[in-house]
Amino acid sequence: MIKQFLMNLLLSFIWVALTGSMYYTNFLFGFLLGFFILWVMNRNEVDQRYFYRVPKTISFLFFFFYQMIIANLQVAYDVITPKYFFKPGIVKYRMDAKSDFEINLLSTFISLTPGTLILDVSDDKKILYIHVMYLHDKQKFMTELKNNVERKLLEILR
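Here goes a summary of the coordinates provided.

Definitions and cut-offs
- Residues numbered from 1 in each chain as written.
- Predicted model: local features only at pLDDT ≥ 70, side-chain atom pairs only at ≥ 80, totals over all residues.
- Heavy atoms only, no water.
- Helix = DSSP H or I, 4+ residues; strand = E, 2+ residues; numbered from the N terminus.
- Rg over C-alpha atoms; globule rule 2.2 N^0.38 Å.
- Buried < 20%, exposed > 50% of the residue type's maximum accessible area, 1.4 Å probe, protein only.
- Contact = heavy atoms within 4.5 Å.
- Salt bridge = Lys/Arg side-chain N within 4 Å of Asp/Glu carboxyl O.
- Polar contact = N/O pair within 3.5 Å; in protein donor to acceptor, adjacent residues only side chain to side chain.
- Core = buried A, V, L, I, M, F, W, Y, C linked by side-chain atoms within 4.5 Å.
- Patch = residues over 30% accessible without salt bridge, like charges linked within 9 Å, V, L, I, M, F, W, Y side chains within 5 Å.
- Areas by Shrake-Rupley, 256 points an atom, 1.4 Å probe, with all protein chains shown as cover.
- Lys, Arg positive; Asp, Glu negative; His and termini not counted.
- Charge placed at Lys NZ, Arg CZ, Asp CG, Glu CD.
- Pairing = 2+ DSSP bridges.
- Axes fitted to C-alpha atoms, helices over the stretch in contact; angles between N-to-C directions.

1. With respect to the overall build of the protein
Here is step 1 of the chain: In terms of helices and strands, the protein carries 5 helices and 3 strands.
Here is step 2 of the chain: What you see in the protein, going N to C, is helices and strands ordered as α-α-α-β-α-β-β-α.
Here is step 3 of the chain: On C-alpha atoms alone, the protein measures out to a radius of gyration of 20 Å, which is more than a quarter above the 15 Å that the 2.2 N^0.38 rule sets for 158 residues.
Here is step 4 of the chain: Its C-alpha atoms give the protein principal-axis dimensions of about 55 × 40 × 20 Å.
Here is step 5 of the chain: Here the protein holds 158 residues, and the buried ones make up 34% of them.
Here is step 6 of the chain: Considering only contacts within the protein whose residues lie at least 6 apart along the sequence, 63% involve residues at least 24 apart.

Written out as structure tokens, the structure is:
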């Protein structure tokens, strides 16, 4: 998988060198073109993980940026209006992430979203304690976190 990623980067740099245009959009186009070329060349290979993970990673990043924008707007609206809409709470969240890397990445993405903060990880590494600024429905929050953030992140990592 690392080999395909490095080949994709090499093809991107070759594209940028051939076109002579050093813009990020040109590099992105070269990356997508290199991804397509590698996909066509490796269709019969056994290891296809790279070609499934790249689209899932891009999808997850767009999803995360969308969630971050929504959370920022919610916090900004709460700050500039005279009435407060927040309802803080602490959630005990049972996670499916097993390794230290998965737990670290999950907690980082949760903490990067405004209005949420990781307080602690249990000693057995199965439970996250999360402070939530807008906790109107605890079960809905945990379901969205499990189905959206954690599931998508683990699909990329596993």
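Now that the structure has been shown, we can carry on.
2. A few points about the pattern of salt bridges
Two side chains bearing opposite charge may form a pair once their charged atoms approach each other closely.
Here is step 1 of the chain: Taken as a whole and judged by the stated rule, the model has 5 salt bridges.
Here is step 2 of the chain: Between Asp96 and Lys146 there is a salt bridge, and its shortest N-O distance comes to 3.5 Å. Of the two residues, Asp96 sits in the loop between β1 (89-94) and α4 (100-112) while Lys146 sits in helix α5 (residues 138-157), which places them 50 residues apart along the sequence.
Here is step 3 of the chain: Judged by relative accessible area, which is 23%, Lys146 ranks as partly exposed.
Here is step 4 of the chain: Across the pair Glu150 and Lys146 runs a salt bridge, and its minimum N-O distance is 3.5 Å. In this pair, Glu150 and Lys146 both sit in helix α5, 4 residues apart, roughly one turn of the helix.
Here is step 5 of the chain: Here Glu150 falls in the buried class, since its relative accessible area comes to 1%.

3. Things to note about the side chain of Glu150
Here is step 1 of the chain: At 2.5 Å, the side chain of Glu150 forms a polar contact with the backbone nitrogen of Asp96.
Here is step 2 of the chain: Among the polar contacts listed, one links the side chain of Glu150 to the side chain of Lys146, at a separation of 3.5 Å.
Here is step 3 of the chain: With sequence-adjacent residues up to four places away left out, Glu150 is seen in contact with Tyr93, Met95, Asp96, Ala97, Leu106 and Leu145.

4. A look at the nonpolar core
Looking at soluble globular proteins, one finds that nonpolar side chains tend to be buried together.
Here is step 1 of the chain: In this structure, Tyr93, Leu106, Leu128, Ile130 and Phe141 are the most contacted members of the largest nonpolar core, which totals 23 residues.
Here is step 2 of the chain: Elements represented by at least two residues in this core include exactly α3 (49-80), β1, α4, β3 (127-132) and α5.
Here is step 3 of the chain: The leading source of residues in this core is α5, at 7 residues.
Here is step 4 of the chain: Look past the residues within four positions of Phe141 in its chain and what remains in contact with it is Val91, Thr116, Ile130, Val132 and Leu135.

5. Brief notes about a positive patch on the surface
Here is step 1 of the chain: A cluster of like positive charges, contributed by Lys92, Arg94, Lys98, Lys126 and Lys138, occupies part of the molecular surface.
Here is step 2 of the chain: Mapped onto the fold, Lys98 is located in the loop between β1 and α4.
Here is step 3 of the chain: According to the relative accessible area criterion, Lys98 is exposed, its value standing at 59%.

6. Structural notes on the sheet that holds β1
Here is step 1 of the chain: Taken together, the 3 strands give an open sheet; going across it, the order is β1-β3-β2, and neighbouring strands pair in antiparallel fashion. Only two strands of the sheet have a single neighbouring strand rather than two, namely β1 and β2 (116-121). Going across the sheet, the axis of each strand differs from the next one's by a mean of 30°, ignoring polarity.
Here is step 2 of the chain: Pairing between β1 and β3: 6 bridges, direction antiparallel.

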